[in-house]
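# Geometric and topological summary
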Amino acid sequence: MSELVLRAESAADREAVRAVVAASFGADEVPALLDDLRTSSVWLDLSFVAELEGEVVAHVALTRAWVDAPAGAAEVLFLGPLSVRPDRAHAGIGTALVSQAIEALAGRDEPLVFVVGDPGYYSRFGFVQGDLLGFRPPSARVPAPTFQARPLPGRPGFVTGALVLPDVWWRHDLVAGPADA
Ligand SMILES: CC(C)(COP(=O)(O)OP(=O)(O)OC[C@H]1O[C@@H](n2cnc3c(N)ncnc32)[C@H](O)[C@@H]1OP(=O)(O)O)[C@@H](O)C(=O)NCCC(=O)NCCS
């Protein structure tokens, strides 16, 4: 495989990213979710791509979420969607991209990143089942093993409570992930 470039998304990548998301998840729900996340208040410009032979082949975004903690709402990050173009899947690209995205969070204040997804995949990045750390999922439709959290080192004030996702995820009814994922 030629060299994989992992970098922050730029404005010029927008259409290519949308195509990768559509190829990974289907053209309807998740690309529209990403469009709406981009224009919402939870968009933090934490959007990363993997480029191979000059083409964007994978994408991941992290956006704002909250933990409803006893001491008040705590700002955290939510990882997703994560998309790898199907013809480039199972080559380590998703692993490399998520690892790089988490590294890029150094210097931020949020104590945690959350994800809803396959624990067989996300455990490699240090995600653990959220309820074991004292968190509750954002919906009863999220199966416990898929609701995962990854503490970010060096942040003070560990929090616990329910994860709260913003309205964008509810408008698209994707809090528990795509129906066929
Ligand atoms: C899931 C996805 C992001 C994985 O990306 P990838 O680049 O293929 O992943 P990697 O090559 O880094 O790792 C693949 C390995 O992870 C493991 N794995 C566990 N669960 C997996 C899953 N649901 N999909 C792919 N691999 C998975 C396997 O061991 C796999 O190894 P293999 O290639 O030998 O079978 C990608 O297949 C994708 O975009 N799928 C469609 C969209 C999606 O489901 N996104 C995640 C939503 S939570």
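Quick summary incoming for the structure in this document. Since the model is a prediction, treat every value here as computed from it, not as a measurement.

Cut-off values and rules
Residues numbered from 1 in each chain as written. Predicted model: local features only at pLDDT ≥ 70, side-chain atom pairs only at ≥ 80, totals over all residues. Helix = DSSP H or I, 4+ residues; strand = E, 2+ residues; numbered from the N terminus. Rg over C-alpha atoms; globule rule 2.2 N^0.38 Å. Buried ≥ 20, exposed ≤ 12 C-beta atoms within 10 Å, placed from the backbone. Expected span 1.5 Å × (residues − 1). Arc of directions from axis to C-beta. Core = buried A, V, L, I, M, F, W, Y, C linked by C-beta atoms within 7 Å. Contact = placed C-beta atoms within 7 Å. Near = placed C-beta within 6 Å. Pairing = 2+ DSSP bridges. Axes fitted to C-alpha atoms, helices over the stretch in contact; angles between N-to-C directions. Nonpolar A, V, L, I, M, F, W, Y, C, P; charged D, E, K, R; others polar.

### Remarks on the overall build of the chain
The secondary structure content of the chain amounts to five helices and nine strands. Walking the chain from its N terminus toward its C terminus, one meets helices and strands in the order β-α-α-β-β-β-α-β-α-β-β-β-β-α. Against the 2.2 N^0.38 benchmark of 16 Å for 181 residues, the chain shows a C-alpha radius of gyration of 16 Å, consistent with a compact globule. If one aligns the C-alpha atoms of the chain with their principal axes, the spans along those axes are about 50 × 35 × 30 Å. Sorting the 181 residues of the chain into buried and exposed places 35% on the buried side.

### Considerations on helix α1 (residues 14-25)
Over its twelve residues, α1 runs 16 Å from end to end, which matches the ideal 16 Å to within 8%, given 1.5 Å per residue. For α1, the complete set of buried residues consists of Val17, Val20, Val21, Ser24 and Phe25. Projected onto a plane normal to the axis of α1, the buried residues spread over an arc of 105° and lie on a single side. Just downstream of α1, Gly26 is the residue with a positive phi angle, here 100°.

### Re the nonpolar core
The biggest cluster of nonpolar side chains holds 47 residues, and the ones touching the most others in it are Val60, Ala65, Val76, Leu79, Val113 and Phe114. Examining the composition of this core, we find that nine residues originate from one element, strand β3 (residues 55-69), more than from any other. For Ala65, the contacting residues outside a window of four places in its chain are Val76, Leu77, Phe78, Phe114, Leu163, Val164, Leu165 and Pro166.

### Quick look at unusual backbone geometry
With an omega of 0°, the peptide bond between Gly80 and Pro81 qualifies as cis. The topology assignment puts Pro81 in strand β4 (residues 72-84). Of note in the backbone geometry, Glu53 takes a positive phi value of approximately 50° without being a glycine. Looking at the secondary structure, you find Glu53 in the loop between β2 (43-52) and β3. We classify Glu53 as exposed; it has 10 C-beta atoms within 10 Å. With phi around 50°, Asp173 is a residue other than glycine that occupies positive phi space. Structurally, the position occupied by Asp173 is in the segment after α5 (167-171).

### Brief notes about helix α3 (residues 93-103)
Residues of α3 that are buried: Gly94, Leu97, Val98, Ala101 and Ile102. Relative to the axis of α3, the buried residues are bounded by an arc of 130° and lie together on one face. Lining the buried residues of α3 we find β1 (4-8), β2, β3, β4 and β5 (112-116).

### Here we look at the site of the ligand
Around the ligand lies a shell of 17 residues, among which Ala89, His90, Gly94, Thr95 and Gly117 are the nearest. Those elements that place two or more of their residues in the shell around the ligand are α1, β4, α3 and α4 (119-122).

### Digging into the pairing of β2
Alignment of β1 against β2, held across five bridges, turns out to be antiparallel. Bridging from a neighbouring strand, Leu4 pairs with Leu52 of β2. Looking at chain direction, β2 and β3 are connected through eight bridges and run antiparallel. Bridge assignment links Glu51 to a residue of β3, and that residue is Val56. If you look at the hairpin formed by β2 and β3, you'll find two residues sitting between the two strands, and Glu53 has a positive phi there, around 50°.

### Side note on the packing of α1 against helix α2 (residues 29-38)
Contact geometry of α1 with α2 gives a least axis separation of 8 Å together with a crossing angle of 145°. Here Arg18, Val21, Ala22 and Phe25 of α1 come into contact with α2, specifically with Glu29, Val30, Pro31 and Leu34. Its residues assigned to classes, the contact of α1 with α2 comprises six nonpolar, no polar and two charged.

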